[in-house]
Amino acid sequence: MQMIPQADPGAGYRAQKAEIDAAVARALDSGWYILGKEGEAFEREFAEWLGTTRAVGCANGTDALALILRGLGIGEGCTVATVSHTAVATVAAIEMVGATPLLLDIDPDTFTMDPDELVAVLEDPPPGLPPIKAAIVVHLYGQAAELGPMLAACRANGVALIEDCAQAHGARLGGQKLGTLGTAAAFSLYPTKNLGALGDGGVLATDDFELAERIAAIRQYGWKERYISSMVGINSRLDELQAAILRVRLPVLDAGNARRRAIAGAYDVALADGPIAPPVRRPGAEHVFHQYVMRVTNRAEVQAKLKAMGVGTGVHYPAPVHLQSAYQGRVPMGPAGCVETARAAQEVLSLPMYPELTGAQIGQVCEALRSLAG
Ligand SMILES: *Cc1c(COP(=O)(O)O)cnc(C)c1O
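## Focus: the site of the ligand
The local shell around the ligand holds 14 residues, among which G61, T62, Q167, S188 and K193 are the closest. In this structure, an oxygen atom belonging to the ligand sits 2.8 Å away from a main-chain N or O atom of G61. D164 places a polar side-chain atom, nitrogen or oxygen, 2.8 Å from a nitrogen atom of the ligand. When the ligand sits alone it has 390 Å² of accessible area, and the protein chains cover 89% of it. Elements with a minimum of two residues in the shell around the ligand: helix 4 (61-71) and helix 5 (88-96). Class assignment of the residues belonging to the shell around the ligand gives a composition of 5 nonpolar, 7 polar and 2 charged.

## With respect to the nonpolar core
Judged by nonpolar contacts, the single largest core of 82 residues is most densely connected at F46, L118, Y267 and L369. Residue contributions to this core peak at 6 residues, all from helix 10 (residues 253-271). When residues of this core are sorted by domain, at least three fall in each of domain 1 (9-251) and domain 2 (252-371). In contact with L369, not counting residues within four places along its chain, are Y267, A270, L271, M294, L306 and L351. One finds A66, I74, V97 and L204 within the second-largest nonpolar core, a separate group that totals 28 residues.

## Side note on the layout of surface pockets
By volume, the largest pocket amounts to about 510 Å³. Together, 30 residues line the largest pocket, and P191, T192, K193, N194 and R260 are the ones closest to its centre. Breaking the lining of the largest pocket down by element, the ones donating at least two residues are helix 1 (9-15) and helix 10. A domain split of the lining of the largest pocket shows at least three residues from each of domain 1 (9-251) and domain 2 (252-371). In this model, the second largest pocket occupies a volume close to 430 Å³. Around the second largest pocket, the lining is made up of 19 residues, and of these L35, A216, R219, Q220 and W223 lie nearest the centre. Partitioned by chemical class, the residues of the lining of the second largest pocket number 7 nonpolar, 3 polar and 9 charged.

## Let's talk about the packing of helix 2 (residues 17-30) against helix 9 (residues 240-249)
Remark: helix 2 packs on helix 9, axes separated minimally by 9 Å, with the N-to-C direction vectors making an angle of 150°. In this structure, helix 2 meets helix 9 at a crossing whose hand is right-handed. Contact residues: E19, I20, A23, V24, R26, A27 and L28 in helix 2; E240, L241, A244, I245, R247, V248 and R249 in helix 9. Tallied by class, the residues present in the contact of helix 2 with helix 9 amount to 9 nonpolar, no polar and 5 charged.

## Topic: a nonpolar patch on the surface
A grouping of L28, Y33 and I34 is seen on the molecular surface, where their side chains present a nonpolar patch of about 270 Å² in accessible area. By secondary structure assignment, the location of L28 is in helix 2.

## Things to note about the sheet that holds strand 7 (residues 176-177)
Pairing is antiparallel across the open sheet formed by 3 strands, whose spatial order is 7-6-12. Here the strands that pair on one side only, and so sit at the sheet edges, are strand 7 and strand 12 (285-286). One ladder, built from 2 bridges, connects strand 6 (residues 172-173) with strand 7; its direction is antiparallel. Within strand 7, the residue paired with L173 across the bridge is Q176.

## A look at the domain arrangement of the protein chain
Domain boundaries in the protein chain define domain 1 (9-251) and domain 2 (252-371). Its C-alpha centre places domain 1 at a distance of 23 Å from the equivalent point of domain 2. Contact residues are listed per partner, giving 53 residues for domain 1 and 41 residues for domain 2. When domain 1 packs against domain 2, close to 3,800 Å² is buried across both sides, 57% of that on carbon and sulfur atoms. Seen at the junction of domain 1 and domain 2, the total is 1 salt bridge. Across the pair R330 and E95 runs a salt bridge, and its minimum N-O distance is 3.0 Å. Linking domain 1 with domain 2 are 31 residue pairs in polar contact (both at pLDDT 80 or more), by the criterion used here. Mapped by element, the contributors of at least two residues to the side of domain 1 that touches domain 2 are helix 1, helix 5, strand 3 (100-104), helix 6 (115-123), strand 6 and helix 9. In terms of residue count, strand 3 provides more of the side of domain 1 that touches domain 2 than any other element does, 5 residues in total. In terms of residue class, the side of domain 1 that touches domain 2 is built from 27 nonpolar, 17 polar and 9 charged.

About the thresholds
- Throughout, residues of each chain are indexed from 1 in the direction in which the sequence is written.
- For a predicted model such as this one, the threshold for reporting local features is a pLDDT of at least 70, and the threshold for listing and counting side-chain atom pairs is 80 or more; totals across whole chains, interfaces and linings nevertheless cover every residue.
- With hydrogens and water set aside, each side-chain value is computed from the structure's full complement of heavy atoms.
- Nearness is judged by heavy atoms alone; a residue qualifies as near a molecule or strand once a single heavy atom is within 4 Å of it.
- Polar contact is defined as a pair of N or O atoms within 3.5 Å, subject to the rule that within protein one atom must be able to donate a hydrogen and the other to accept it, and that residues adjacent in sequence are counted only when both atoms are side-chain atoms.
- Each accessible area value is a Shrake-Rupley result obtained with a 1.4 Å probe; residue values ignore everything except the protein chains displayed when judging cover.
- A run of DSSP states H or I qualifies as a helix once it reaches four residues; a run of E qualifies as a strand once it reaches two. Both are numbered from the N-terminal end.
- In the scheme used here, Gly and all other residues not listed as nonpolar or charged are polar, with Ala, Val, Leu, Ile, Met, Phe, Trp, Tyr, Cys and Pro taken as nonpolar and Asp, Glu, Lys and Arg as charged.
- By nonpolar core we mean a set of buried residues, namely Ala, Val, Leu, Ile, Met, Phe, Trp, Tyr and Cys, connected to one another through side-chain atoms within 4.5 Å.
- A 1.4 Å probe rolled over the protein chains alone gives each residue an accessible area, and that area as a share of the maximum for its type sets the label: buried under 20%, exposed over 50%, partly exposed in between.
- Segmentation into domains, and thus their bounds, comes from an automatic or database assignment.
- Any two residues whose heavy atoms approach within 4.5 Å at even a single point are treated as in contact.
- Here a cavity denotes grid points, spaced 1 Å and computed from the protein atoms alone, that fit a 1.4 Å probe unable to get out, and a pocket denotes an open set having protein on both sides within 12 Å along at least 5 of 7 lines; residues with an atom within 4 Å of a point are the lining.
- Grid points are joined across faces, edges and corners, and a volume is the space filled by probe spheres set on the points.
- For helices, the fitted axis covers only the stretch in contact; all axes are lines through C-alpha atoms, and the angles between them, taken along N-to-C directions, range from 0 to 180 degrees.
- By the definition used in this description, the sense in which the near helix is turned from the far one sets the handedness, with an anticlockwise turn below a right angle giving left-handed and a clockwise turn giving right-handed.
- To count toward a patch, a residue needs a relative accessible area over 30% and no salt bridge; like charges are then connected within 9 Å, while nonpolar side chains (Val, Leu, Ile, Met, Phe, Trp, Tyr) are connected within 5 Å.
- Any carboxyl oxygen of Asp or Glu that lies within 4 Å of a side-chain nitrogen of Lys or Arg is treated as forming a salt bridge with it.
- At least two bridges found by DSSP between two strands is the condition for calling them paired.
- When two components associate, each loses some accessible surface as probed by a 1.4 Å sphere; the sum of these losses over both components is called the buried area.

Following this line, the structure appears as structure tokens:
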């Protein structure tokens, strides 16, 4: 029996090998390797696909978040609200710019920011913290957070709402693509993401043209003119090789997401009538299943059973940010603490999920899931 890995970035490469190899050769032959024609074309094509005025490529998804914060002038003396149940990158980006993260609890059904928590801290900010200037809302696992009330509260309080779309390329809420609803949005292009480079990469998007221009300068030493820094910047560029690869992968992203949804549907059916509930879908949201995440109270046991049947699983994430030693006891939380966050970290379990899973592999996962019913 062949073990089915939980993620398989190599399968994505093999599925488009000839085209990717040709794009890599083209980029190598061009003699221009950083911020050139491939990067510009990718930014244009990504913005067009998403439906925003402008997209700016950068080195990774963490930098995309940090660049948005820098572009908005958010740093020391500012608080940024986000969640603890996320990739640590979200919180790392806030601290990279010198701002203070404020970690809010999640809705236990969808694993995304509890809008009541955000509304509460915006109306009644926790004492002793710098003013809240932004909220980074994470669309975790490929599903939209409940943006409606959060957008309204942010707007009413003059706070920027930044979408962390690192797991949500192509997902929608109320028919609109995530990444077009807030002030700006950050996407990671890490190899396992729904749109993945074959190395590190990131892209951010916004309809605010001036913000995009500022960020485009900040990502390269604050240059508007070569060798002349008009503002303080950093170095965070998307290279031409990755941009050329991403231009091959972007046209198949929507089909890949549809395939992920079909695989999720098969898993749902296999779980029906068993002890484990399939993931909750938010009404009005279109999920892109970056991860298919179940909740189980006996995780180690379920993982071992699935492994014995050749099914690899993952845990996203085993420890919430506020309980990791780098952050524990140091990073402020919302008034209610992070109770649901801590509970989710004990129970989440991710099944194999990528468009290249074969029918036979999906069948093997489903059979293993059915066997859990006993
Ligand atoms: C992957 C990820 C990031 C960071 O992306 P990198 O490209 O690895 O820096 C940020 N936020 C979330 C939710 C992610 O999943």
